[in-house]
Amino acid sequence: MRTNIKISFLILMILTIIGCQNSDKNEKQLSQKVYGKWKGENDSLGVELRYAQFKKWNDLLERTEKIVCNDSLPKLTLKTENELKTIYFRNPCWEDLACILIKQKNVTEIHNDTINKNDGNFFPLDSLESVLKRDLENYGKNPKLSDNPEKLLVYISYDNKNGFKNFPNTLNALTETYNRITNKTDIKIWLNEKIYFVPPPPPPMSEIELNE
């Protein structure tokens, strides 16, 4: 009886060791890629954005800005079936800046997983490759598209009320698509707050009558 117990215990131990070894091998087989990192930036400056801890998009943006303003680099790590991705974000520290002038034609926005170009053309997320390709291969030919690939900036934003559960999937699709088109990983991504344009109210009737 005791002999059977010892044999069973040994078999269990062997299976456990083999399982751990196989697990380690699977981890080592994952290729690693880094997206959005400036050349020469120190890896030790990276601070992980644990997006699942935040209920509102604005809370995630506040955390991102705190990291940047502390001279660190906000990043997010995604694990897919075959790849371990580290994605750095290019958000500025607004404490040090009054404003940044960026041409709208050099921006592609993904808001609530819908692609928006120049606040007038909207595309579903599965159109990402064709939209990015037009910008990346434009080189100033179309004045409504990006001047060149180095200037292209991708904004990602979500409404607070809708949540951002699809955020990691959108990031994964964006980085994969960019890498497939350019064979590079230098994509510039900002986590952004969507600002809606509100037209001014019409003037009172008395003013209209006076101007006629």
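These remarks concern the structure in this document. (Residues numbered from 1 in each chain as written. Predicted model: local features only at pLDDT ≥ 70, side-chain atom pairs only at ≥ 80, totals over all residues. Heavy atoms only, no water.)

The next subject is the nonpolar core. Counting residues in each nonpolar core, the largest one holds 28 residues, and the members touching the most others are W57, F89, I156, F167, L171 and L174. Mapped onto this core, the elements with two or more residues apiece are α2 (57-69), β3 (73-79), α3 (128-136), β8 (153-157), α4 (167-182) and β9 (189-191). Every residue in contact with W57, bar those within four places of it in the chain, is listed here: I156, S157, Y158, N160, F164, F167, L191 and N192. (Core = buried A, V, L, I, M, F, W, Y, C linked by side-chain atoms within 4.5 Å. Buried < 20%, exposed > 50% of the residue type's maximum accessible area, 1.4 Å probe, protein only. Helix = DSSP H or I, 4+ residues; strand = E, 2+ residues; numbered from the N terminus. Contact = heavy atoms within 4.5 Å.)

Our next topic: empty space enclosed by the protein. Tallying each qualifying case throughout the model produces one cavity of 30 Å³ or more. Counted as a void, the largest cavity has a volume near 50 Å³. Partitioning the lining of the largest cavity into residue classes produces seven nonpolar, no polar and two charged. (1 Å grid on protein atoms, 1.4 Å probe; cavity = no way out; pocket = protein on both sides within 12 Å on 5 of 7 lines; lining within 4 Å. Points joined across faces, edges and corners; volume = space filled by probe spheres on them. Nonpolar A, V, L, I, M, F, W, Y, C, P; charged D, E, K, R; others polar.)

This part takes up the packing of aromatic side chains. Counted according to the given criterion, the structure contains nine aromatic pairs. Both rings, one in Y155 and one in W190, keep their centres 5.5 Å apart while their planes meet at 25 degrees; by these two values the pair is stacked. Placement of the pair is Y155 in strand β8 and W190 in strand β9, with a sequence separation of 35 residues. W190 matches Y155 in its accessibility class, with the two residues each being buried. Ring plane angle 75 degrees and centroid distance 6.4 Å describe the contact between F164 and F167, whose orientation is recorded as edge-to-face. (Phe/Tyr/Trp six-rings, centres within 6.5 Å; stacked < 30°, edge-to-face > 60°.)

Judged by how many residues are buried, β3 sits mostly within the fold: five of seven residues are covered. Bridge count between strand β2 (residues 46-48) and β3: three bridges; the pairing is parallel. Residue pairing across strands places E48 opposite K75, the latter belonging to β3. Summarising the sheet, β3 and strand β4 (residues 83-88) pair through five bridges and their orientation is antiparallel. Bridging from a neighbouring strand, L76 pairs with I87 of β4. (Pairing = 2+ DSSP bridges.)

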